[in-house]
Amino acid sequence: MGRSNATSAVTDFILLGLFAEFGYPGFLISIALLTYVVALVGNAVLILLILADFRLHTPMYFLLSQLSLMDATLISTTVPKMATNFSLRTRAISGVGCGAQIFFSLTVGGAECLLLTLMSYDRYVAVCHPLRYLVLVSHQVCLRMILGSWIGGIANALVLTVSTMQVPICQPRVLHHFFCEIPAILKLSCENTSAYQLTVFVLGIVFMLTPFSLIVASYAFIFLSILRMDSREGRKKALATCSSHLTVVTLYFGPTMFIYMRPDSFRRPEQNQALSVFPTILTPALNPLIYSLRNKEVLGAMTKVFLRRSESG
């Protein structure tokens, strides 16, 4: 029994937590838990609104509901474990748990990168080819987009998780992070990790740089079409729907690309940890607010639900 415990202890990792140098970990955990609740409630409300209001049964909002599902899942891969460790006064995570955390966070993260790219295609068709919109972005096409995003995310996560967990570790298994992330684990190896880093970089090009380039190209065509519009109201509506998506893309892609696409010599544990907070904790909580506060259709659906509730009450 003792030998088994010793063996498992050797394979455990130690997570130093969210900003370990900060003197008030309880305060940070409270903020993280509050953000977690806001993210779960906000994304659940947005999904329910889209399901409940027939006016939101369009391809754009169907894709948005899937983005909300991904956001709720993504934040659930990090905050619950962090809060559990704090409440149990431990910093350990098993090797299997660490691998699972990497796999699920990368699966959802990769799927979200692809979905945000496909959402920009949806906006491109809506603005540049409105008469063909229902043909080019039909319900079947949307289902393929969702399925393709998840399959791509799983494939990306599988390759990176397997390769990362095979990295020979010969330093203390202490991660200067609040969850298991690939750059933090590669730092623990005293052997040459250039092959692993090359894999991360290549997949970063496939799942981050290429999608981001496609999004930029889509919006270049969108803005050119908006400039040619005669209707001022049409321009405002197109800009409103596009600005929400662009804000989310910036919040998600910016920090993620900075984490994974930099050379190893420029990576600092404190920088990576601070940047990781954006895509894994803050963005999932902010996305429902961004799409709700800047979208008249979502606000209208929300008002309709509240009025219905007040009348029935």
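Throughout this description, residue numbers start from 1 for each chain and increase along the sequence as written. Owing to the predicted nature of the model, reporting of local features is limited to residues with pLDDT of at least 70; listing and counting of side-chain atom pairs is limited to 80 or more, with chain, interface and lining totals taken over all residues. Only hydrogens and water are removed before side-chain values are computed, so all heavy atoms of the structure are retained for them.

Under an unreviewed UniProt entry, the chain has the name Olfactory receptor and belongs to Ornithorhynchus anatinus. UniProt's Subcellular location (unreviewed entry) comment on the chain is quoted here verbatim: "Cell membrane". UniProt positions are given in the numbering used here, feature names are shortened, and annotations may be inferred rather than shown by experiment.

(A) Region of interest: the overall build of the chain. Helix numbers and strand numbers start at the N terminus; a helix is a DSSP run of H or I with at least 4 residues, a strand a run of E with at least 2. Along the backbone of the chain there are 12 helices and three strands. Taken along the three principal axes of its C-alpha coordinates, the chain extends 70 × 50 × 35 Å. Taking all 313 residues of the chain together, the buried fraction comes to 45%. Nonlocal contacts in the chain, meaning residues at least 24 apart in sequence, comprise 77% of its contacts between residues at least 6 apart. Only protein chains enter the accessibility calculation, which uses a 1.4 Å probe. A residue is then buried if its area is under 20% of the maximum for its type, exposed if over 50%, and partly exposed in between. Should any heavy atoms of two residues lie within 4.5 Å, those residues are considered in contact.

(B) Local environment of the packing of helix 5 (residues 95-128) against helix 10 (residues 232-260). To get an axis, fit a line to the C-alpha atoms, keeping to the stretch in contact for a helix; angles then go from 0 to 180 degrees between the N-to-C directions. Between helix 5 and helix 10, whose axes approach to 11 Å, the crossing angle comes to 150°. With respect to their mutual orientation, helix 5 and helix 10 come out roughly antiparallel. Relative to helix 10, the crossing made by helix 5 is left-handed. Only Ala-238, Thr-241, Cys-242, His-245, Val-248, Val-249, Tyr-252, Phe-253 and Tyr-260 of helix 10 make contact with helix 5, whose side of the interface consists of Leu-106, Gly-109, Glu-112, Cys-113, Leu-116, Thr-117, Met-119, Ser-120, Arg-123 and Val-127. Classification used: nonpolar for Ala, Val, Leu, Ile, Met, Phe, Trp, Tyr, Cys and Pro, charged for Asp, Glu, Lys and Arg, polar for all others including Gly. Its residues assigned to classes, the contact of helix 5 with helix 10 comprises 12 nonpolar, five polar and two charged. To sort the angles, those under 35 degrees are grouped as roughly parallel, those over 145 as roughly antiparallel, those from 65 to 115 as roughly perpendicular, and the leftovers as oblique. It is the rotation of the near helix from the far one that decides the hand of a crossing: anticlockwise by less than a right angle makes it left-handed, clockwise makes it right-handed.

(C) How the structure looks around the sheet that holds strand 2 (residues 92-93). Strand order in this open sheet of three strands is 2-1-3, and the pairing throughout is mixed. Either end of the sheet is taken by a strand with one partner, and the two such strands are strand 2 and strand 3 (174-175). Here, strands pair whenever DSSP counts at least two bridges between them. Looking at chain direction, strand 1 (residues 13-15) and strand 3 are connected through two bridges and run parallel. Across the sheet, the residue bridging to Leu-15 is Leu-175, located in strand 3.

(D) View of the UniProt feature "transmembrane region" (unreviewed entry) in the chain. This chain's UniProt record puts "transmembrane region" (unreviewed entry) on residues 27-52, 201-226, 238-261 and 273-293. For the annotated span residues 27-52, helix accounts for 100% and strand for 0% of the residues, and the straight-line distance between the end C-alpha atoms is 37 Å. Here residues 238-261 runs as 96% helix and 0% strand, with 32 Å between its end C-alpha atoms.

(E) Quick peek at a nonpolar patch on the surface. For patch building, the residue pool is restricted to those with more than 30% relative accessible area and no salt bridge; the joining distance is 9 Å between like charges and 5 Å between nonpolar side chains (Val, Leu, Ile, Met, Phe, Trp, Tyr). Areas reported here follow the Shrake-Rupley algorithm with a probe of radius 1.4 Å; residue values treat only the protein chains shown as occluding. Salt bridges are defined as contacts in which a side-chain nitrogen from Lys or Arg sits within 4 Å of a carboxyl oxygen from Asp or Glu. Together, Phe-22, Tyr-24, Phe-27 and Ile-31 line one region of the surface with nonpolar side chains, adding up to about 450 Å² of accessible area. By secondary structure assignment, the location of Ile-31 is in helix 2 (residues 25-52).

(F) Region of the structure containing the state of the cysteines. Two cysteine sulfurs form a disulfide in these notes if their separation is within 2.5 Å. Within this structure, the stated rule accounts for two disulfides. In this model Cys-170 forms its disulfide with Cys-190; the gap between the sulfur atoms is 1.6 Å. For the disulfide bridge between Cys-170 and Cys-190, the dihedral angle about the S-S bond is near -130°, and by the sign convention the bridge is left-handed. Of the two residues, Cys-170 sits in the loop between helix 7 (139-165) and strand 3 while Cys-190 sits in the loop between helix 8 (182-186) and helix 9 (194-227), which places them 20 residues apart along the sequence. Judged by relative accessible area, Cys-170 falls into the partly exposed class, the value being 43%. Residue classification places Cys-190 among the exposed positions, given a relative accessible area of 52%.

(G) Looking closely at the pattern of salt bridges. This model, assessed by the stated rule, comprises two salt bridges. Of the charged contacts, one joins Arg-123 and Asp-122 as a salt bridge, the two residues approaching to 3.0 Å between their closest N and O atoms. The pair formed by Arg-123 and Asp-122 is uniform in burial state, with each residue classed as buried.

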